[in-house]
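Per-entry structural report
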Amino acid sequence: MKTPLGKWWSSNCTVHGSHWPRVHGTMIHHIRPLSWSGPDIASNKVEVCPTGHTNIHILLDLLSDRRGVPLTDETKGFSRGEIALAQRGYDEWAATGFVPRK
Ligand SMILES: [Zn+2]
Ligand SMILES: [Zn+2]
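Now for a look at the structure at hand. (Residues numbered from 1 in each chain as written. Chains lettered and ligands numbered in written order. Predicted model: local features only at pLDDT ≥ 70, side-chain atom pairs only at ≥ 80, totals over all residues.)

**Notes on the overall build of the protein**
When helices and strands are tallied, the protein shows two helices and four strands. Considering only C-alpha atoms, the protein reaches an extent of 50 × 35 × 15 Å along its principal axes. Among the 102 residues that make up the protein, the fraction classed as buried is 22%. Expressed as a percentage of contacts within the protein between residues at least 6 apart in sequence, the contacts between residues at least 24 apart total 51%. (Helix = DSSP H or I, 4+ residues; strand = E, 2+ residues; numbered from the N terminus. Buried ≥ 20, exposed ≤ 12 C-beta atoms within 10 Å, placed from the backbone. Contact = placed C-beta atoms within 7 Å.)

Structural data, given as structure tokens:
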């Protein structure tokens, strides 16, 4: 993807792919968070930019508040990749039978 100035950068960010501004550092996100008993194994980890990471955790909190009811209006301003990863994390957590305490 290119801006009118042609300045998009490819990145290792799982949820955004190409980036502007350029991403200078990514972080590891646990799809099913460690605090939700997620395993610290490769299949539960993705590399994301700091913004994507923050957004995924906002969505996880929303899903927890809603007891997993699919996100609708609140998801404006989030990317499809962020929403998909958050939903997957919540669903894997819910599948363990662990009931949100919030
Ligand atoms: Zn995370
Ligand atoms: Zn990103």
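**Focus: helix H1 (residues 50–65)**
Helix length check: H1 (16 residues) gives 23 Å between terminal C-alpha atoms against 22 Å at 1.5 Å per residue, within 8%. All of the buried residues in H1 are Gly52, His53, Asn55, Ile56, Leu59, Leu60 and Leu63. Buried residues of H1, viewed axially, fall in a sector of 165°; they line one side. Exposed residues lying more than 90 degrees from the buried face of H1 are Thr54 and Asp65. Looking at the packing, one finds that the buried side of H1 touches strand E3 (27–30), strand E4 (45–48) and helix H2 (80–94). Two residues or fewer past H1, Arg67 is found with a positive phi of approximately 55°. (Expected span 1.5 Å × (residues − 1). Arc of directions from axis to C-beta.)

**Regarding the environment of Leu60**
Mapping Leu60 onto the fold places it in helix H1. Among the residues examined, Leu60 registers 22 C-beta atoms within 10 Å and is labelled buried. Separated by 29 residues in sequence, Leu60 and Ile31 have C-alpha atoms that sit 9.8 Å apart. Ignoring any residue separated from it by four or fewer positions in sequence, one finds Leu60 in contact with Pro33, Ala86, Gly89 and Tyr90.

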